[in-house]
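Coordinate inspection notes
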Amino acid sequence: MKKVLLGITMFSLTAVQAQEMNNIAVEPVQKGNWIVGASVGSLGYAFESEQFNINLAPQLGYFVKDNLAVGLKVGLGWVTVKDADNFFNYEFSPFVRYYFPTAASGSGRFFGQGDIGVTGTSAANSDAALKVGANVGYAHFLNRNIALEVTAGYNYSESNFPNVDSQSGLGIAVGFQIYLGNK
């Protein structure tokens, strides 16, 4: 009889532990937690100016409610334009990121992110311009605090070059995030 009770107890504890492991992907995106990370490579192509860019964009966010984070992204990058000089660019963009609900057994979450901010370049006769972006992505949790992610989206910026119209383009990024709990 003792062996049966011990077996039932062990089975119950194992089931509770398995349930906690299934909820790993949900816990990091709770109200009060922080998200810190960066896109380690961002590639984009602008349609109007035949422009190619690569960026590094660290970001910091705070979950104001479950699944919803707000924060700031700071970027620095390199831009090449067909038949023109190469230059550096920068950006400061507040963002909003929403994680879509998923099954408890998943190890990842889909999300949408929007940002609006200021961008500029090191090019002559250049000043700050408005930048707007809309991205979708997937965060794959390696454990409850670290996720690798991939994003794809559309970006638009007002031109900051004389005699050049506004620019729009598609971009992809690969990065990582660290989720810091409030407990």
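Read on for an overview of the structure.

Criteria and cut-off values
Residues numbered from 1 in each chain as written. Predicted model: local features only at pLDDT ≥ 70, side-chain atom pairs only at ≥ 80, totals over all residues. Heavy atoms only, no water. Salt bridge = Lys/Arg side-chain N within 4 Å of Asp/Glu carboxyl O. Helix = DSSP H or I, 4+ residues; strand = E, 2+ residues; numbered from the N terminus. Buried < 20%, exposed > 50% of the residue type's maximum accessible area, 1.4 Å probe, protein only. Pairing = 2+ DSSP bridges. Polar contact = N/O pair within 3.5 Å; in protein donor to acceptor, adjacent residues only side chain to side chain. Contact = heavy atoms within 4.5 Å. Core = buried A, V, L, I, M, F, W, Y, C linked by side-chain atoms within 4.5 Å.

Where charged atoms of side chains with opposite charge meet at close range, the side chains can pair. Taken as a whole and assessed by the stated rule, the structure comprises five salt bridges. Here Arg 97 ties to Glu 149 by a salt bridge, and the two come within 3.0 Å at their closest N and O atoms. Residue Arg 97 is located in strand E4 (residues 87-99), and its partner Glu 149 is located in strand E7 (residues 146-157); the two are separated by 52 residues in the primary sequence. The burial state of Arg 97 is the same as that of Glu 149; both residues are buried. Residues Lys 131 and Asp 115 are paired through a salt bridge, measuring 2.7 Å at the closest nitrogen-oxygen approach. Residue Lys 131 is located in strand E6 (residues 129-141), and its partner Asp 115 is located in strand E5 (residues 108-121); the two are separated by 16 residues in the primary sequence. Residue classification places Lys 131 among the buried positions, given a relative accessible area of 9%. The class of Asp 115 is buried, set by a relative accessible area of 4%. One salt-bridge network, held together by shared partners, links Lys 73, Glu 91, Asp 115 and Lys 131.

With 11 bridges joining them, E6 and E7 adopt antiparallel strand pairing. The residue of E7 that forms the bridge with His 140 is Leu 148. Joining the antiparallel neighbours E6 and E7 is a turn of four residues.

So, about the side chain of Gln 177. Residue placement: Gln 177 occurs in strand E8 (residues 167-180). Accessibility expressed as a relative area gives 1% for Gln 177, which makes it buried. One polar contact links the side chain of Gln 177 to the main-chain amide nitrogen of Gly 37, over a distance of 3.3 Å. Engagement of the side chain of Gln 177 in a polar contact is seen with the side chain of Glu 149, the distance being 3.2 Å. Sequence-distant contacts of Gln 177, that is, excluding residues within four places in its chain, are made with Ile 35, Val 36, Gly 37, Ala 38, Gln 59, Arg 97, Asn 145, Ile 146, Ala 147 and Glu 149.

Now for the nonpolar core. If you look at the biggest cluster of nonpolar residues, it comprises 10 residues: Val 29, Ile 35, Phe 63, Ala 69, Tyr 99, Phe 111, Ala 139, Phe 141, Ala 147 and Tyr 179. Beyond its immediate sequence surroundings of up to four residues, Phe 63 is in contact with Pro 28, Val 29, Gln 30, Lys 31, Gly 32, Asn 33, Trp 34, Ile 35, Leu 68, Ala 69, Tyr 99 and Tyr 179.

Within the element layout of this structure, Ser 39 appears in strand E1 (residues 34-46). Judged by its relative accessible area of 14%, Ser 39 is buried. If we ignore the near neighbours within four places in the chain, the residues touching Ser 39 are Asn 55, Leu 56, Ala 57, Ala 173, Val 174 and Gly 175.

The next thing to look at is unusual backbone geometry. Its identity is not glycine, yet Asn 67 carries a phi of approximately 70 degrees, on the positive side. As for its placement among the helices and strands, Asn 67 is situated in the loop between strand E2 (51-65) and strand E3 (68-81).

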